[in-house]
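Structural description and commentary
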Amino acid sequence: MANHRDEAEKKQGLAGPRRAFLQVLAGAGAGAAAAGVGLSVLESQKAEAAEIPPPLAESSGAVLIRMQQDLERALTSGRTPSWVMVVDTRKCVGCDACTVACKAEVPTGPGGFNRRVIQKELPIGPRPYRVFKPVNCLQCDDPPCAKAVPAGMIRKRADGIVEFDSVSLAGGYALAAAKACPWGLIHIDRGATYTMNTPAPQPYETRAFEEYGRTFRRGPQNYELQDRARKCTFCAHRLERGELPACVTTCLGSAMYFGDISDRSSLVYQITQGRRIFRGHENLGVKPRVIYFEESMPGAVHVDCQACHSR
Ligand code: SF4
Ligand code: SF4
């Protein structure tokens, strides 16, 4: 049965060859994926599914329970997990609850964000079309930030997380790392708090928090992360105690999925099979671990994030 996309492709004279091409790619992607493990699975998944699957229909609670089970299996399997985050922007409502949850989990002070939600109005289709896109450090497998500073200051962990040395990555090195991130996902922590110039600095800002296995406390004196480079850690401290990242557990739209992509029974493995995904500026070869589902754009033939993102 002809669908919206068939009609659109026919208008462009693309339906026959383009559809056949996509179907061949879909088959090739699925076969190659079955032979791979870990993030390499995704390398084979240019896997352009001919159709964009609908958003996951399960309730937020059911998805969270599934991911929690995946996490517990990953932590008790005896092998090193390969963490990824998958984002379905169709389910993001732009509420910024994840941004708030992130700040509550790891205080970052005024102007500093480990997680933001970008809003973009796209000039396609008959009506304005707005995309909400949650963004945080992509945990690149070949991170440009690490190449900008002396070896050891930024470390790629076996589980995929890019870890900063909170002591040495300071001053000029912190600035160099921030400048090297192509997406501006590193900020410099100036040590300020939102309530520092009020009569009563609030405990939620000065409470202890964890980052890379150490405990910190914001405050006017001896704040060890002052002038340090900071970014999302995939909530590594939470993962270690068997908890999903704060943004994932808070998401009102159930727009984010997290887990071990090397586990074929995990949700993140299964929902990325044979479908169109976008990993952001892949021409740079950085191999990001935050994966976005491609979505249908109303009135557009090309359901391709690369329409706006350069290759
Ligand atoms: S997204 Fe930016 S900060 Fe994160 S690993 Fe890649 S280059 Fe580094
Ligand atoms: S909490 Fe979920 S729905 Fe709300 S902005 Fe963040 S990703 Fe989008």
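Everything numeric in this text was worked out from a predicted model, so none of it was measured. (Residues numbered from 1 in each chain as written. Chains lettered and ligands numbered in written order. Predicted model: local features only at pLDDT ≥ 70, side-chain atom pairs only at ≥ 80, totals over all residues.)

Brief notes about the sheet that holds strand β11 (residues 277-278)
What holds strands together in a sheet is hydrogen bonding between their backbones, with the strands either parallel or antiparallel. Selection criterion: One requirement defines pairing of two strands: DSSP has to find at least two bridges between them. Secondary structure counts use DSSP, requiring at least four H or I residues in a row for a helix and at least two E residues in a row for a strand, with both numbered from the N terminus.
A sheet is described by the order of its strands in space; here 4 strands give the open sequence β10-β1-β12-β11, paired in mixed fashion. Edge strands, defined here as strands with exactly one partner in the open sheet, are β10 (256-260) and β11. Pairing analysis gives 5 bridges linking strand β1 (residues 83-87) to β10, with the strands arranged antiparallel. Counted as the bridge partner of V87 is M256 from β10.

Description of the confidence of the model for the protein chain
Rules: Within a predicted model, pLDDT stands for the predictor's per-residue confidence, ranging from 0 to 100. We call two residues in contact if the C-beta atoms placed from their backbones are at most 7 Å apart.
Overall, the prediction assigns the protein chain a mean pLDDT of 81, with 77% of residues at 70 or greater. In the model, residues 1-37 has pLDDT below 50 throughout and makes 42 contacts with residues more than four positions away in sequence or in other chains. In this model residues 43-47 is a low-confidence stretch, pLDDT under 50, and it forms 17 contacts with partners more than four residues away in sequence or in other chains.

Here's the deal with the site of ligand 1
Test applied: To decide nearness, the C-beta atom of each residue is placed from the backbone, and the residue is near a molecule or strand if that atom lies within 6 Å of it. Any residue outside Ala, Val, Leu, Ile, Met, Phe, Trp, Tyr, Cys, Pro, Asp, Glu, Lys and Arg is labelled polar, Gly included; the first ten of those are nonpolar and the last four are charged.
Taken together, the neighbourhood of ligand 1 is formed by 14 residues, with C137, C140, P143, C145 and C181 sitting nearest. Among the residues making up the shell around ligand 1, the classes are represented as 12 nonpolar, 1 polar and 1 charged.

Some remarks on the site of ligand 2
Around ligand 2 sit 16 residues, and of these C92, C95, C98, C251 and G253 come closest. Of all elements in the fold, only α5 (97-105) and β3 (129-136) reach the threshold of two or more residues within the shell around ligand 2. By residue class, the composition of the shell around ligand 2 is 12 nonpolar, 3 polar and 1 charged.

Topic: the pairing of strand β8 (residues 214-217)
Pairing geometry for strand β7 (residues 208-211) and β8, over 4 bridges, is antiparallel. Of the residues in β8, the one forming a bridge with E210 is T215. Linking β7 to β8, which pair antiparallel, is a turn of 2 residues; within it Y212 sits at a positive phi near 50°.

With respect to the environment of R130
Keep this limit in mind: Exposure criterion: with C-beta atoms placed from backbone coordinates, a residue whose C-beta has 20 or more other C-beta atoms within 10 Å is buried, one with 12 or fewer is exposed, and one in between is partly exposed.
By the secondary structure assignment, R130 is in strand β3. The exposed category is assigned to R130, around which 10 C-beta atoms lie within 10 Å. For the pair R130 and V93, spaced 37 residues apart in sequence, the C-alpha separation works out to 10.0 Å. Setting aside anything within four residues of it in sequence, one finds R130 in contact with Q119, K120 and E121.

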